[in-house]
Amino acid sequence: PIDAKKLDIINATLPVVAEHAEAITTHFYQRMFANHPELKNIFNQTHQITGRQPRALAAAVYAAAAHLEDMTTILPALERIAQKHRSLQIKPDQYPIVGENLLGAIQEVLGNAATDEIIDAWAEAYGVIADALIRMEETLYRDTELQPAGWNGFRNFVVDRKVKESDVITSFYLKPEDQGSIPDFLPGQYITVKLDVEGQPYTHLRQYSLSDRPGTGYYRISVKREDAPNSDIPAGIVSSYLHSQLEEGDVLPITAPAGDFYLDMAADTPVALISGGVGLTPLISMLNTLVAEQSKREVSFVHAALSGNVHAFKNHVQEIAKQAVNVRSFVIYEKPSAQDIQEQAFVKDGFITLEWIKENLPKDADFYFCGPTPFMKAVNKALKQWGIPAEKVHYEFFGSFGDIESE
Ligand code: FAD
């Protein structure tokens, strides 16, 4: 545990650090990448440009520092970070680099206000948080009852099939190049892909949820193409490459499955799988697993999309709902097309609401959801207002460690 005097200093300086948090973390990344350019291979450089990563880190550092005495309330957040680190293959020797540059950034941003005593206390705080994460990650790199460790680092997979699922989403069926076996994963988990584009100085790492069930002999990812929204903003680097360049027979290095968002297969409660847009991928994995295991659980699969044109796995889910008496499918289109209207392909237009959820989903369900940030905020808020206990609410966030609690 951290010593009392240092804890007092942390608590006393939290407000000033919080006030400058974004300046500190922005400076931190600049400083760290200047000292260690090789880390650009690991950190998402687009998130640096958009400011997402510094904001996420600022929020995480603040939350951790505010809970140094008793970390139990932030354990779920730490678990999420540890799982992401497993997926990125972060190892203990990388922590001192981050620590040194974070403390350097605090010192440089706060200037004279940051006395040696203050920096010393924050160094200790960083050490406490880093140790907690390193310990958690150590267990994730080992075989556990819940999950095999899989493999170390990146393993080459070959694109066995590339299948278009909608106007914007394409699936890639991946099999290991070494033709060895692949470990099972927990439905809802993700892998990290490494993209090394010829002529570009750094590699790009991105996470993709596994969109089929475990035990198939392949891993499947389903990727949305992130086009350039206008001439000032470039298209998404990795998703564009996967769609336009990566073909059947090509190789993609990936890490072993990870993630704290997964279906509890031991439960027998009703389950509501709620998705927006490409956020459906982990929920399709859960659905396929429940169907393959002939689960008797009452399953509500709710999918919100812009319209039928961008609705991936539409026929797949429809077929399941037709055949499995315990599975109901609900489609919500924000802007249904004339054809969607003619086919009566949706149960609601516009957005998902609390009223709709209350009318259609069982209150005693376990709720799993994933989608764009505004969708996540709306669903999270609705479930809270309905009085669903936190332990029954599970979600995956496709951004960097974001916050869906605010607003
Ligand atoms: P990036 O290059 O990272 O760009 C991201 C966005 O920022 C793009 O829309 C781009 O147009 C925009 N942008 C670029 N530059 C700027 C700028 N200067 N200003 C403003 N905006 C800018 N995605 C899926 O499709 N399927 C999945 O199953 C899936 N699962 C995920 C699971 C997890 C756990 C996580 C964390 C993410 C998941 N994602 C998934 C998202 C995925 O990891 C990528 O973030 C996504 O594919 C975009 O990556 P990219 O390299 O194409 O875009």
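**Q** When you look at the nonpolar core in this model, what are you seeing that I'm missing?
**A** Burial of nonpolar side chains together is a common tendency in soluble globular proteins. By size, the foremost hydrophobic cluster in this structure holds 47 residues, and its most contacted members are Leu-68 and Trp-122. If you list the elements that add at least two residues to this core, you get helix H1 (4-19), helix H2 (21-35), helix H4 (52-66), helix H5 (75-88), helix H6 (95-110) and helix H7 (116-140). Setting aside anything within four residues of it in sequence, one finds Trp-122 in contact with Ile-10, Thr-13, Leu-14, Val-17, Val-61, Ala-65, Leu-103 and Ile-106.

**Q** Just checking my understanding: could you explain the domain arrangement of the protein for this structure?
**A** Quoted interface sizes are often the accessible area lost when the parts come together. For the protein, the assigned domains read domain 1 (4-140), domain 2 (155-254) and domain 3 (271-396). The C-alpha-based centres of domain 1 and domain 3 are spaced at 36 Å.

**Q** I tried to follow the side chain of His-303 on my own but got confused; where do I start?
**A** Note on placement: His-303 falls in strand E8 (residues 299-305). At 2.8 Å, the side chain of His-303 forms a polar contact with the side chain of Ser-275. Setting aside residues no more than four positions away along its own chain, His-303 makes contact with Ser-275, Gly-276, Gly-277, Leu-280, His-311, Phe-330, Val-331 and Ile-332.

**Q** Sorry if this is basic, but what is going on with the environment of Leu-68 here?
**A** Structurally, the position occupied by Leu-68 is in the loop between H4 and H5. Along the chain, Leu-68 and Val-327 lie 259 residues apart, while their C-alpha atoms are 44 Å from each other. Those residues in contact with Leu-68 that sit more than four places away from it in its chain are Ile-2, Leu-7, Ile-10, Ala-125, Val-128 and Ile-129.

**Q** Mind showing me how you'd approach the site of the ligand here?
**A** The full set close to the ligand counts 26 residues, and Arg-206, Gln-207, Tyr-208, Pro-234 and Ser-239 are the nearest of them. Take Ser-209: an N or O atom from its main chain is 3.1 Å from a nitrogen atom of the ligand. The backbone of Val-238 places a nitrogen or oxygen atom 2.7 Å from an oxygen atom of the ligand. Against a free-state accessible area of 970 Å², the protein chains account for coverage of 85% of the ligand. Those elements that provide at least two residues to the shell around the ligand are helix H3 (45-50), strand E4 (204-209), strand E5 (219-224) and helix H8 (237-244). Looking at the shell around the ligand element by element, the count peaks at four residues for E4. Partitioning the shell around the ligand into residue classes produces twelve nonpolar, ten polar and four charged.

**Q** Whenever I open this one, the pairing of strand E7 (residues 271-276) confuses me. Can you help?
**A** Regular strands place their side chains on alternate faces of the sheet. Counting buried positions along E7 yields six of six residues, so the element is predominantly enclosed. Alternating positions in E7 separate into two faces, Val-271, Leu-273 and Ser-275 on one and Ala-272, Ile-274 and Gly-276 on the other, with burial throughout. Relative to E8, E7 runs parallel, the two being bridged by six bridges. Directly across from Gly-276, in E8, lies its bridge partner Ala-304.

**Q** What's the story with the packing of aromatic side chains in this structure? I'm lost.
**A** Any two aromatic rings considered together are summarised by their centre-to-centre distance and by the angle between their planes. For the structure on display, the rule yields 14 aromatic pairs. Residues Phe-185 and Tyr-219 carry aromatic rings whose centres are separated by 5.7 Å and whose planes lie at 75° to one another, so their mutual orientation is edge-to-face. With Phe-185 in the loop between strand E2 (169-176) and strand E3 (190-195) and Tyr-219 in strand E5, this pair connects stretches of sequence that are 34 residues apart. Look at Phe-185 and you get buried, because its relative accessible area is 6%. Between Phe-367 and Trp-386 the ring centres are 6.3 Å apart and the planes differ by 70°, which places this aromatic pair in the edge-to-face class.

**Q** Would you mind showing me how to read the pattern of salt bridges here?
**A** Any two side chains of opposite charge can pair, on the condition that their charged atoms come close. Enumeration over the complete set of coordinates arrives at 15 salt bridges. Of the charged contacts in the structure, one is a salt bridge between Asp-160 and Lys-175, with a shortest N-O distance of 3.7 Å. One end of the pair, Asp-160, is in strand E1 (residues 155-164); the other, Lys-175, is in strand E2, with 15 residues separating them in the sequence. Residue class for Asp-160 comes out partly exposed when judged on its relative accessible area of 38%.

**Q** Looking at this structure, I do not really get the packing of H6 against H7. What am I missing?
**A** Helix packing for two helices is described by the angle between their axes and how far apart those axes are. Packing of H6 against H7 leaves a shortest axis separation of 10 Å and a crossing angle of 150°. As far as their axial angle goes, H7 and H6 are roughly antiparallel. Of the two elements, H6 crosses H7, and the hand of that crossing is right-handed. From H6, Tyr-95, Val-98, Gly-99, Leu-102, Leu-103, Ile-106 and Gln-107 reach across to H7, where they touch Ile-119, Trp-122, Ala-123, Tyr-126, Ala-130, Leu-133, Ile-134 and Glu-137.

Parameters at a glance
- Residues numbered from 1 in each chain as written.
- Predicted model: local features only at pLDDT ≥ 70, side-chain atom pairs only at ≥ 80, totals over all residues.
- Heavy atoms only, no water.
- Core = buried A, V, L, I, M, F, W, Y, C linked by side-chain atoms within 4.5 Å.
- Buried < 20%, exposed > 50% of the residue type's maximum accessible area, 1.4 Å probe, protein only.
- Helix = DSSP H or I, 4+ residues; strand = E, 2+ residues; numbered from the N terminus.
- Contact = heavy atoms within 4.5 Å.
- Domains from an automatic or database assignment.
- Polar contact = N/O pair within 3.5 Å; in protein donor to acceptor, adjacent residues only side chain to side chain.
- Near = heavy atom within 4 Å.
- Areas by Shrake-Rupley, 256 points an atom, 1.4 Å probe, with all protein chains shown as cover.
- Nonpolar A, V, L, I, M, F, W, Y, C, P; charged D, E, K, R; others polar.
- Pairing = 2+ DSSP bridges.
- Phe/Tyr/Trp six-rings, centres within 6.5 Å; stacked < 30°, edge-to-face > 60°.
- Salt bridge = Lys/Arg side-chain N within 4 Å of Asp/Glu carboxyl O.
- Axes fitted to C-alpha atoms, helices over the stretch in contact; angles between N-to-C directions.
- Parallel < 35°, antiparallel > 145°, perpendicular 65-115°, else oblique.
- Left-handed = near helix turned anticlockwise from the far one by under 90°.

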